[in-house]
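Residue-level structure breakdown
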Amino acid sequence: MRKARRPTRPRASPAANWRPAGADVAATVGLGMAFLLLYGLTAAPSVATVFDDSLEFQVVAYTLGIAHPTGYPLYTLLGWLVTRLPWAEPAQGVNLLSALFGAVTVAGLYGVGRQLTCGRLAAAAGAVAVGVSPVLWSQSTIAEVYTLHTAFVVVVLWLALWAGEAQSRWRTGVRRAYPLAVVFGLSLTHHRMSFLLLPALLAYLWWAFGRRFRVRHWRRLAGLALAPLLLYAYLPLRGMFTSSLDGTYVNSPAGFLNHVTGAGYNVFLAGQAPGIPPRDASAYLELFLDQFGPLALALALLGLAVLLRRRGPVLLLGLTLALNLAFALSYRVADYEVFFLPSFVLTGILLAQGTDALRRWAGRVLGRLRPGLAAGGHLLPGLVLLIALAPLPYRWPEQDRSQAWSVARLGRAWLSSAEPGSVVVGILGETTLMRYFQVSEGLAPGTELVAADDERVRLDTVSWLVSRGRTTYLTRPLPGVGRTFALDAAGELIRVSRPQSGEQGTGTEVAPGLRLVGWQWTVGEHRGRANLSLHLRWNAPHGLSEPLKISARASRDGQVVAALDAEPVHNAYPTPLWRPGEVVEDYYLLEMPVGDPGGTVDVSVVVYSPETGAQRGQAGLGSAQVPPSPGERPAAEWGLRPAATWLSDGTRLVGVSLAPRTQARVGETLPLGLLWRSRPWSRDSTSLMLRLTRRGGGTAAELPVALELGGTRPSGLLRQDLAVTLPARLESGTYRLLLESEGILLRWGWPPLTRQLELSVLEVQGRTRLYERPRPGIGLAATFRDRATDQDQARLIGYDLQPEGGRLRVILYWQALGEPDRSYKVFVHCLDAGGEILAQSDQEPDGGRAPTDSWIRGEYIIDHHQLDLPEGSEGCVQLLVGLYTADGVRMPATADTLVLGGDAVVLTGSRPK
């Protein structure tokens, strides 16, 4: 007999056996509420940035303006709604909008994991790992567009899987695909990266339903996806009344199209953008390790291997991940991390998949060993969930912006410093900051704000305004303005005015030729941080030829508590530009350090030379009483990049000043700030080492660092300010600046236990070296010897003379015989017939571009000098050339023609043509 044929089963859908239960709904809502609370507690309370998109979105949302390309109409309208919250500042409302969508992202990730039939703990582990990742957390605390985009990505993926679940019921699948099309269309009104979802969606729907979707169904889906694009009509409608903050939006068909497509940003896809350092694969790997850690990434790779066995989900998730990774890797911008957010979201989904696969495998293995142990496999997802939650207490202080008031304080201070009816000229971000407080709080409504990013345009604008009698202020120093106008500090602003006739001033002479006419201070407190506003009035009766710097200080028991060093008038008005008798208003804001207990401080000013550091004078201004400063987030307030590393005694490295990647030149000195937090049991001192190594191995420099903790503040904070000088003999290349400890360093990252912590990757640009012997016009053989080492260091092999009118160009050709450990200067003296010096040039070789401490034995150096001869002179009869140290001691020379004393070589002179 013929066997009866089994009925064929329809292809299994991605989650055919899963239905949302009450526990899943509760878990989804619970995760969303938990992360909304987390992001809300750490969100910025007001404006928190000046020079990025966050401030722009806060102003645009509140005023219903036009954002930068692609316009972001959906985000603008949603932002306008939350700025009307009665209990939140408008900027805070937009920050909380990002927190809301960040929480939706985390909750949606759990739903996607469950849709893929992952266990509850596994799905929660993937969602939590993404939720506490630094990049998503950072974007959930400020007004930015990226969390709304990740929320759209997660919701679109969930709706696609939900539609694909009805694979065997294609009519139900059609109905479920309709909301998918609408949500996808809405995502297109927000961020153009949403287009990267389209290929995966089409491929997945075709796999699930194929030809069962009729042409009319595809047309309806296309119509539903395109309908939300009508939101872009907001741009031309609002463009009838306003433009973008930078004025680049043109309300025309061509301008609308360029704005919506973001055509101007395509330059970042066309190769290496100017000013953006190149990144290798290790930088991207380190980025993922910082977000998830090695274990989570390994489980995500396992999840990808499992997903490859499921044709439908791999089309949807795998293709989406591939396209987003390809885009993020090729988009060369400074803040490249945020464009990896969709990839991080998908990594969380793969992590849930891998954790669930590991649970099932462990359950089978344990069940074979002993049937009662099969349930033990369920402990693994719980362990992964705990590991995902582990960085939460460490990342909280790094991501917490809840006390970030400094930008808001600055914006209010600028507006309060301006007189009614005046004009403040600054760059776009600064004027946008002031505009926010004008429209949201009604501060200084009569003050006109003018944005001018280009320095020449800014100078022309200021000149035009002052010439018409307008009271004009600057937000920052402007080269050239002090030569034409008088400058004064008006609080945080710089007042520009016409020069007035000076008078002989009275007052206390603090430094030779510099009088302190008057002073006053005001003690204040802002958000738990005490400050002292110091107003000074200077007078130079006869003018000043020497540039001077002012150090305003607050001291306690002989120790400086707070200090601010600057040239007068916010570094905008150097003392040589002062007119005789002019009274200059100066201002310094001293902020007490976080953790300062308050009490009496002695106020003083010190005047010194910025070139030599020599003190020219000082004056005590009395004592002031300041309140305690229990402020938070010292790393952010001191402009440091948060870190999470512990010494073996529990001392924590809180922040680092250098960026993760820094460009520098050989011989350059990089300021390095390290902020530490000690514990009661911390040792009084710790021996550390800064090591500069080249990628691939080899130490380039070492700098011992002594960490003294005995004098820490009551809060346990210690700030170290170091100077890292790059060796002048470094070759061009990539170097790592490492902090090395004798003991073990514990860090959040990979590896967790180490002795070396990478502080920054330095892209060092060395100088070009010449090893082929040049051919000077006049040959010579003069050798110079170092007195200290008694070794030959340099040989002058020849020179060229090029008379040009009243100038004489002297080109010297040196050969390095040694590798000096200090820098020498070259002098060229032009002598007349009587042996008098007519002109001279003193500089490091080649104008400082080839200092002697950068020489490598055997190389040749071409050294250019220019002598400006006095009018009417007959030119140089002789030229004297030599080398001398910083203390003025000349190097002895050996040559056929030497001056008396043997420390200079005599060259034949040249008369001008």
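What counts, and where the lines are drawn
Residues numbered from 1 in each chain as written. Predicted model: local features only at pLDDT ≥ 70, side-chain atom pairs only at ≥ 80, totals over all residues. Heavy atoms only, no water. Helix = DSSP H or I, 4+ residues; strand = E, 2+ residues; numbered from the N terminus. Buried < 20%, exposed > 50% of the residue type's maximum accessible area, 1.4 Å probe, protein only. Contact = heavy atoms within 4.5 Å. Areas by Shrake-Rupley, 256 points an atom, 1.4 Å probe, with all protein chains shown as cover. Axes fitted to C-alpha atoms, helices over the stretch in contact; angles between N-to-C directions. Left-handed = near helix turned anticlockwise from the far one by under 90°. Nonpolar A, V, L, I, M, F, W, Y, C, P; charged D, E, K, R; others polar. Pairing = 2+ DSSP bridges. Expected span 1.5 Å × (residues − 1). Salt bridge = Lys/Arg side-chain N within 4 Å of Asp/Glu carboxyl O. pLDDT = per-residue confidence, 0-100. Disulfide = S-S within 2.5 Å. Patch = residues over 30% accessible without salt bridge, like charges linked within 9 Å, V, L, I, M, F, W, Y side chains within 5 Å. Lys, Arg positive; Asp, Glu negative; His and termini not counted. Charge placed at Lys NZ, Arg CZ, Asp CG, Glu CD. Phe/Tyr/Trp six-rings, centres within 6.5 Å; stacked < 30°, edge-to-face > 60°. Lys NZ or Arg CZ within 6 Å of the ring centre and 35° of its normal. Parallel < 35°, antiparallel > 145°, perpendicular 65-115°, else oblique. Core = buried A, V, L, I, M, F, W, Y, C linked by side-chain atoms within 4.5 Å.

Describing the overall build of the protein
The helix and strand inventory of the protein stands at 24 helices and 31 strands. The buried share of the protein, taken over its 913 residues, is 52%. A sequence separation of at least 24 residues applies to 70% of the contacts in the protein between residues at least 6 apart. Summed over all atoms, the accessible surface of the protein reaches about 40,900 Å², with 56% contributed by carbon and sulfur.

A few points about the environment of Q791
Checked against the element boundaries, Q791 lands in strand 24 (residues 791–804). Here Q791 falls in the partly exposed class, since its relative accessible area comes to 47%. Apart from residues lying up to four places away in sequence, Q791 is in contact with F784, R785 and D786.

Concerning the packing of helix 4 (residues 90–115) against helix 5 (residues 120–131)
Direction vectors running N to C along helix 4 and helix 5 enclose 150 degrees, while the axes themselves pass 8 Å from each other. Regarding helix 4 and helix 5, the two cross each other, and that crossing is right-handed. Contact residues: V106, L109, Y110, G113 and R114 in helix 4; R120, A123, A124, A127, V130 and G131 in helix 5. The class makeup of the residues in the contact of helix 4 with helix 5 is seven nonpolar, two polar and two charged.

Describing the sheet that holds strand 2 (residues 448–451)
Overall, mixed pairing links the five strands, which are arranged 2-1-3-5-4 in an open sheet. The two strands at the open ends of the sheet, each matched to only one other strand, are strand 2 and strand 4 (486–490). The sheet shows a mean angle of 30 degrees between the axes of neighbouring strands, taken without regard to direction. The sheet contact formed by strand 3 (residues 472–474) and strand 5 (residues 493–497) spans three bridges and is antiparallel. Among the inter-strand pairings, Y473 is bridged to a residue of strand 5, identified as R495.

Focus: helix 5
The first and last C-alpha atoms of helix 5 sit 16 Å apart over 12 residues, in line with the 16 Å expected at 1.5 Å per residue. Inspection of helix 5 places A122, A123, A124, A125, G126, A127, V128, A129, V130 and G131 among the buried residues, and these make up the whole buried set.

Describing the pattern of salt bridges
The full count for this structure, using the stated rule, is 24 salt bridges. Across the salt bridge formed by E582 and R579, the nearest N and O atoms sit 3.9 Å from each other. Residue E582 is classed as buried on the basis of its relative accessible area of 7%. The network of salt bridges with common partners includes E731, R767, R769 and E859.

What to know about the confidence of the model for the protein
Per-residue confidence for the protein gives a mean pLDDT of 85, with 89% of residues at or over 70. Contacts of residues 1–18 to residues separated by more than four positions or lying in other chains number 27 contacts, the stretch itself having pLDDT below 50. Note that pLDDT drops below 50 for residues 710–714; the model gives that stretch 10 contacts with residues more than four away or on any other chain.

Thoughts on helix 4
Helix length check: helix 4, at 26 residues, gives a terminal C-alpha distance of 37 Å against a target of 38 Å (1.5 Å per residue), a fit within 8%. Helix 4 sits mainly inside the fold: 22 of its 26 residues count as buried. Once helix 4 ends, the next one or two residues include T117, with phi positive near 65 degrees.

Things to note about the state of the cysteines
Within this structure, the stated rule accounts for one disulfide. Linked covalently through their sulfurs, C830 and C876 form a disulfide whose S-S length is 1.9 Å. The sign of the S-S torsion, about -110 degrees, decides the handedness of the disulfide formed by C830 and C876: left-handed. Separated by 46 residues along the polypeptide, C830 in strand 26 (residues 825–831) and C876 in the loop between strand 28 (860–868) and strand 29 (878–884) bring together distant segments of the chain. Pair check on accessibility: C830 and C876 agree, each one buried.

A closer look at a positive patch on the surface
A cluster of basic residues, R169, R171, R175, R214, R216 and R220, forms a positive patch at the surface. Every element with two or more residues in the positive patch is listed here: helix 8 (170–188) and helix 10 (215–226). Residue placement: R169 occurs in the loop between helix 7 (146–164) and helix 8.

Brief notes about the packing of aromatic side chains
As enumerated under the stated definition, the model contains 23 aromatic pairs in all. Ring geometry for F340 and F344: centres 6.3 Å apart, planes at 25 degrees, overall stacked. In textbook terms, an aromatic cluster arises when at least three aromatic residues are bridged by ring pairs, as seen for Y284, F288, F292, Y336, F340 and F344. Here the basic side chain of R84 rests over the ring of Y62, its NZ or CZ set 4.7 Å away from the ring centre.

Remarks on the sheet that holds strand 28
Within the open sheet, the five strands sit side by side as 28-25-24-23-30. Their pairing is antiparallel. If you trace the sheet from one side to the other, it starts and ends with strand 28 and strand 30 (893–894), each paired once.

A look at a nonpolar patch on the surface
Together, V25, V29 and M33 line one region of the surface with nonpolar side chains, adding up to about 280 Å² of accessible area. Inspection of the secondary structure assignment puts V25 in helix 1 (residues 22–42).

Observations concerning the environment of V174
Positionally, V174 belongs in helix 8. When its relative accessible area of 6% is taken as the criterion, V174 is described as buried. Each C-alpha atom of the pair V174 and G164 lies 9.6 Å from the other, and the pair is 10 residues apart in sequence. Not counting residues up to four positions away in its chain, the partners in contact with V174 are F213 and H217.

A closer look at the environment of L197
Tracing the sequence through the fold places L197 in the loop between helix 8 and helix 9 (198–209). For the pair L197 and L319, spaced 122 residues apart in sequence, the C-alpha to C-alpha distance is 8.5 Å. With near-sequence residues (within four places) excluded, L197 lies in contact with V153, V156, F184 and T320.

Some words on the pairing of strand 26
With respect to burial, strand 26 is a largely interior element, six of its seven residues being buried. Here strand 26 runs beside strand 29; their pairing, made up of seven bridges, is antiparallel. The partner of C830 across the bridge, within strand 29, is L879. As paired elements, strand 26 and strand 27 (residues 837–843) share six bridges and run antiparallel to each other. Directly across from F827, in strand 27, lies its bridge partner D842. Between strand 26 and strand 27, which pair antiparallel and follow one another directly, the connecting turn spans five residues, one of which, G835, has a positive phi of 85 degrees.

Some thoughts on the packing of helix 1 against helix 4
Close contact between helix 1 and helix 4 brings their axes to 8 Å; oriented N to C, the two are set at 150 degrees. Of the possible angle classes, the one that applies to helix 1 and helix 4 is roughly antiparallel. For the element pair helix 1 and helix 4, the recorded crossing hand is right-handed. Listed contacts from helix 4 to D24, A27, T28, L31, G32, F35, L36, Y39 and G40 of helix 1 are L96, A99, L100, G102, A103, V106, A107, Y110 and R114. A class-by-class count of the residues in the contact of helix 1 with helix 4 yields 12 nonpolar, four polar and two charged.

Things to note about the nonpolar core
Ranked by size, the top nonpolar core spans 102 residues in total, and within it F35, Y75, L316 and F339 carry the most contacts. When residues in this core are grouped by element, the largest group, 11 residues, is from helix 7.

A closer look at a negative patch on the surface
Where like charges cluster on the molecular surface, the negative patch consists of D246, D453, D454, E455 and D460. Along the chain, E455 turns up in helix 21 (residues 455–467). Taking the relative accessible area as the measure of exposure, E455 reaches 44% and is therefore partly exposed.

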